[in-house]
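Per-entry structural report
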Amino acid sequence: MTTSPTTRTRIRGGVGESPQRPDAIPKVTGNFAYASDLHADGMLWAATLRSPYARARITKLDTAPALTVGGVVAVITQQDVPGRRGFGMHVPDQPVLADGECNYWGEPIAVVAASDLETAKRGVAAIVIEYEVLEPLTDMEEADAADSQTRRMKVRRGDSEATGAVVVEGYYEVGQQDQAPLGNEAGLAIPDGEGGVDLYAVSQWVHSDHWQIYPCLDLEPEQVRCHPVGMGGAFGSREDVSMHIHLCMLALRTGRPVKMSFDRAESFVAHVHRHPARMWYRHEADTDGKLVKVQARLILDGGAYESSSNAVIGNAGYFAVGPYLCDNVFVDAVAVKTNNPPAGAMRGFGGVQTAFGHEAQMDRLADELGIDRLEMRRRNALGHGDPMSSSGQIIEGSLPTAQLIDELATMPLPEPLASDDPRHLPGGTGLTTERGQVRRGVGYGVTIKNLAFSEGFDDYSDARIAISSVGVEVYTAAAEVGQGMVTIIQQLVRDVLQMEQVAVVWSDTSVIGSAGSTSASRQTQMTGGATYQCAVELRQQILDEFAGDDLSTEGVWRDGDLIATLAEVCSGGMCEHEIRYRHPETFPTDENSQGNAHPAFAAAAHRAVVDVDPELGLVRVVQLDTVQDVGKILNPVAAVGQIEGGTLQGVGMAVLEELVVDKGVIKNPNFTDYLLPTFLDAPHVEVRFVEEPERWGPLGAKGIGEPPTISAGPAVAAAIRDATGRDLHRVPILPQHIAGV
Amino acid sequence: MIVNFNVNGESRVANVAGSESLLQVLREELGLPGSKNACEQGECGSCSVVLDGAVVTSCLVMAADCEGSEIATVEGIGSERELHAVQQALVDHGAVQCGFCTPGFVVTAAHLFEENPHPGTDEIKEALSGNICRCTGYGAILRSLEALAEETT
């Protein structure tokens, strides 16, 4: 005789806790398989011939010599593309392989598959190619003047004749940042023997890859399956297709698995980067510090192909003013097309660039008016119920900008510099700087980001949940790039079903529909929302079936009695449910960019404290204090990790990181010359949250990945201006800018 | 050429053409992909191993120079069933995100704690300044190792 349980097992790892990530132990032991670790028996390796010129016409291309290299199995060029000739996230404007002309330095021209990587590279070297070198278009203003753009956007809101008592104007430049995830691009394509192919390659959105790949291969959608893989970070760099179509073509051509694994130098040319920007701003305010009018002209360089430039410039335009109220806003924003490396998605996505501009302007206005710089922001803070300064969209969800500012003001400042230990001084153990030379500065950045996709995009996430007597399985194609989404899904589903054993099953494009992109800070809300809602509906179905009032690992309960065990519940065949989750509808805006373009917003505020050696131009970023608008905290440890990491990427952009591009050629495609923040560059970061629930998404939670990267950089730039008294209109701020040489 | 060395306590033999790095041989020939290939220029520390008692970036070591060497990789530091204290600390404090840098941090930090069981904050930062992490901002890594340094053993 069995005894029915009378109490429910208390589950661990629900919402509000910080349970261990399921991939943590495989990752600390080196057992976690990343794309670059994939292996298949009999696999070939592939290498790519890339353009050595930013712009050239291919006058001769003879791949036959490559096939004479022992071990080379196949070579493909654009002539071999069986279907649609191009790809692209929004428009298929990029040829699979160069189509008679090269439009950027590093553009792929031919790909060679061979027995091993060295042989594939020898095959690439054997290809005979001749070029007619052409003058590249590499200056963004020349491109604008030549009408070479992918999107021109104008914001026209309010009275263009309005004037304020004070006026400040500024010109700002933002250098090109690279996502620099630690894991490079890698992938493996395996032919299925029936004319189709399975692809395991880095991706932030396998369905977007799928939609781009199968038309180029001239296959039916179901003949191509894109599988999620282990990824060493992304930050936007894995939104675009890179090696994906090439791998599939070679696998289908050779009938063998084919692998690619880029080294760092190739990674730097094979993924899109953040858009560099030039920005002109004119702000007018009344004597109380209220913004009266903002005018801006923004140019972002999108490089050779469109990628996501049109969405990036949209963000730059919509968020040109920042999280501030202003009734009269006039912005001309343009994404230009040049022969520079293609630019696309990177954490912050258009809002990062303008944040450097609008935050510098807010400081200038405050100084002009004699108002405290943080108070200046407080007086203009945008919140729930207010109209967006650019589009006029009423903010229906939460936006506690003022509360962030108030909270930031209460955070203690670090102690004054009292140490003579060189490790605590600018220049560090280079022993460049004595304490007496150091000037301290404090600066603020307060910014806004849209969450999820905008402007009428049909944004959804599909999720399926299956309950069995051994646990819960959640099926999603959402990409886990390291941010911790898998854990968030587990926590949400545990909470709803009151079952602890929840496995998230990474699913390929044939198993489940799209979860949308792991970008735009959207997965916590979108796939978190989908899995949460799916669990809620599944739970209700089960309760309805058994006329129960509660569900747990034990089964269905009614009035405190267990009326059906989980095994009994699952024998009925109703224990699976799938949904498609959408956020509130958005719309394309009108010709003046007026309308409801965005489903949700999040604000973030940073205060930076820096120590500067003004003579040598050396900076030590001492501390960053931040308050973030998070809706509701689902996992405190993961949230702090996202915010600390995002903050340091903002710091890097402010003082270290820049892809140096000269006439279209990247001069520093390596970690020796592209400087990433190390442990010694990393400031102490204090994180606080403001929880004001969002109107949609799981339990009111908001995406948290991007906002900290947007506000940290402007705060650091402002702190350096504060310490040095210099204008410093360009980031990254380098020693020569501070020292004035 | 044939190279004999000891990896994680086992005698191993590699057949190298000449120019391969130790990292390549570990990953592609010896079936030890835990050491990661992130920059292959000695800048990021993702491929850190202990070579004859010193932490090195294995991407900058010629495999052919390792004849007779003792090498410890991340695969030799703890196991999934029995984590090393450094690994446990990183797991407990949420110091793992994408994890691509993590094996290098584990190797370098384990070596640090072997030499100095109670390192201070500045010593931790200095010892790990050759290991780049792009995800965490180093905060959780620092908290995990500070906590470990405070534990009495």
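Refer to the structure presented above.
Here goes a summary of the coordinates provided. (Residues numbered from 1 in each chain as written. Chains lettered and ligands numbered in written order. Predicted model: local features only at pLDDT ≥ 70, side-chain atom pairs only at ≥ 80, totals over all residues.)

As for the overall build of chain A
When its secondary structure is counted, chain A shows 17 helices and 31 strands. Whereas a compact globule of 741 residues would reach a radius of gyration of roughly 27 Å, chain A reaches 27 Å, a difference of no more than 12%. Dimensions of chain A along its principal axes, counting C-alpha atoms only, are 80 × 75 × 55 Å. The contacts in chain A between residues at least 6 apart in sequence include a share of 81% that link residues at least 24 apart. (Helix = DSSP H or I, 4+ residues; strand = E, 2+ residues; numbered from the N terminus. Rg over C-alpha atoms; globule rule 2.2 N^0.38 Å. Contact = placed C-beta atoms within 7 Å.)

Section: the interface of chain B and chain A
For an interface, size is often stated in terms of accessible area lost upon the parts coming together. On the chain A side, the residues contacting the 42 residues of chain B number 46 residues. At the level of elements, α2 (85-92), α3 (102-115), α4 (121-127) and α5 (139-150) of chain B are the ones that each hand at least two residues to the side of chain B that touches chain A. A breakdown of the residues in the side of chain B that touches chain A according to their chemical character gives 19 nonpolar, 15 polar and eight charged. (Nonpolar A, V, L, I, M, F, W, Y, C, P; charged D, E, K, R; others polar.)

What about the packing of helix α15 (residues 636-655) of chain A against helix α16 (residues 707-724) of chain A?
Residue and element names in this part refer to chain A. Two elements in contact, α15 and α16, have axes whose closest approach is 7 Å; the angle formed by their N-to-C orientations is 45°. Classed by the angle they form, the pair α15 and α16 counts as oblique. For the crossing formed where α15 meets α16, the hand is right-handed. Mapping the contact onto sequence places Ile643, Gly646, Thr647, Gln649, Gly650, Val651, Met653, Ala654 and Val655 in α15 and Pro708, Thr709, Ser711, Ala712, Gly713, Val716 and Ala717 in α16. When grouped by side-chain class, the residues that make up the contact of α15 with α16 number nine nonpolar, seven polar and no charged. (Axes fitted to C-alpha atoms, helices over the stretch in contact; angles between N-to-C directions. Parallel < 35°, antiparallel > 145°, perpendicular 65-115°, else oblique. Left-handed = near helix turned anticlockwise from the far one by under 90°.)

Comments concerning the environment of Val610 of chain A
All names here are of chain A. Position of Val610 relative to the elements: it lies in strand β26 (residues 601-613). By C-beta crowding, Val610 is classed as buried, having 32 other C-beta atoms within 10 Å. Separated by 139 residues in sequence, Val610 and Gly471 place their C-alpha atoms 51 Å apart. Setting aside its immediate chain neighbours within four residues, Val610 contacts Gly441, Val619, Arg620, Val621, Val622, Val716, Ala719, Ile720 and Ala723. (Buried ≥ 20, exposed ≤ 12 C-beta atoms within 10 Å, placed from the backbone.)

Regarding the sheet that holds strand β1 (residues 2-7) of chain B
All names here are of chain B. Across the sheet, five strands lie side by side as β2-β1-β5-β3-β4; this open sheet has mixed pairing. Only two strands of the sheet have a single partner each, and these edge strands are β2 (10-15) and β4 (54-57). Between one strand axis and the next, the sheet turns through 40° on average, direction left out of account. Of the pairings in the sheet, the one linking β1 to strand β5 (residues 70-72) comprises two bridges and is parallel in character. (Pairing = 2+ DSSP bridges.)

Describing the nonpolar core
Residues and elements named next belong to chain A. In this structure, Ala46, Val112, Leu247, Cys248, Leu250, Val610 and Val716 are the most contacted members of the largest nonpolar core, which totals 291 residues. With 10 residues, α15 is the largest single contributor of residues to this core. When near neighbours in sequence (up to four residues on either side) are disregarded, Ala46 contacts Val111, Val112, Ala113, Ala120, His246, Leu247, Leu250, Val258 and Met260. (Core = buried A, V, L, I, M, F, W, Y, C linked by C-beta atoms within 7 Å.)

Here we look at the environment of Leu676 of chain A
By the secondary structure assignment, Leu676 of chain A is in the loop between β29 (665-666) and β30 (684-690). The class for Leu676 of chain A is buried, based on 20 C-beta atoms found within 10 Å. Discounting chain neighbours no more than four positions away, the residues touching Leu676 of chain A are Ala180, Gly652, Glu657 and Phe671 of chain A together with Ile132 and Arg134 of chain B.

Some words on α5 of chain B
Counted at 1.5 Å a residue, the expected span for α5 of chain B with its 12 residues is 16 Å, and the 17 Å between its end C-alpha atoms agrees. Those residues of α5 of chain B hidden inside the fold are in contact with α15 and β30 of chain A together with α2, α3 and α4 of chain B. (Expected span 1.5 Å × (residues − 1).)

What about the sheet that holds strand β2 (residues 56-62) of chain A?
Residue and element names in this part refer to chain A. Pairing is antiparallel in the open sheet, where three strands are placed in the order β6-β2-β8. Looking along the sheet, the strands with just one partner apiece sit at the ends: β6 (101-102) and β8 (128-133). Alignment of β2 against β8, held across six bridges, turns out to be antiparallel. Along β8, the bridge assignment pairs Leu61 with Ile129.

Considering unusual backbone geometry
Cis geometry marks the peptide bond from Val731 of chain A to Pro732 of chain A; its omega dihedral reads 0°. Here Pro732 of chain A is to be found in the loop between β31 (730-731) and α17 (735-739). In this model, Leu728 of chain A sits at a positive phi of 50°, which is unusual for a non-glycine residue. Its location among the elements puts Leu728 of chain A in the loop between α16 and β31. Among the residues examined, Leu728 of chain A registers 18 C-beta atoms within 10 Å and is labelled partly exposed. Even without being glycine, Glu40 of chain B reaches a positive phi, approximately 50°. Within the fold, Glu40 of chain B resides in the loop between α1 (22-29) and β3 (48-51).

Details of the pairing of strand β27 (residues 618-629) of chain A
All names here are of chain A. Counting buried residues in β27 gives 11 out of 12 residues, a clear majority hidden from the surface. Alignment of β26 against β27, held across 10 bridges, turns out to be antiparallel. Looking across to β27, one finds that Asp611 is bridged to Arg620. Hairpin connection between β26 and β27: a loop of four residues separates the two successive antiparallel strands, and Gly617 in this loop has a positive phi of roughly 75°.

A closer look at the packing of helix α12 (residues 485-497) of chain A against helix α13 (residues 523-546) of chain A
Residue and element names in this part refer to chain A. Packing of α12 against α13 leaves a shortest axis separation of 9 Å and a crossing angle of 25°. Judged by the angle between their axes, α12 and α13 are roughly parallel. As for the relative orientation of α12 and α13, their crossing is right-handed in sense. Between α12 and α13, the contacting residues are Met485, Ile488, Ile489, Leu492, Val493, Val496 and Leu497 on the first element and Gln523, Thr524, Thr527, Gly528, Thr531, Tyr532, Ala535, Val536 and Arg539 on the second.

As for the pairing of strand β14 (residues 258-261) of chain A
Strand residues, when the strand is regular, have side chains that alternate between the two faces of the sheet. All names here are of chain A. Every second residue of β14 is oriented toward a common face, with Val258 and Met260 on one face and Lys259 and Ser261 on the other, all of them buried. Judged from the two bridges that link them, strand β1 (residues 44-50) and β14 form a sheet pairing that is parallel. Bridge assignment links Trp45 to a residue of β14, and that residue is Lys259. Note that strand β11 (residues 186-191) and β14 share four bridges and pair antiparallel. Bridging from a neighbouring strand, Ala186 pairs with Ser261 of β14.

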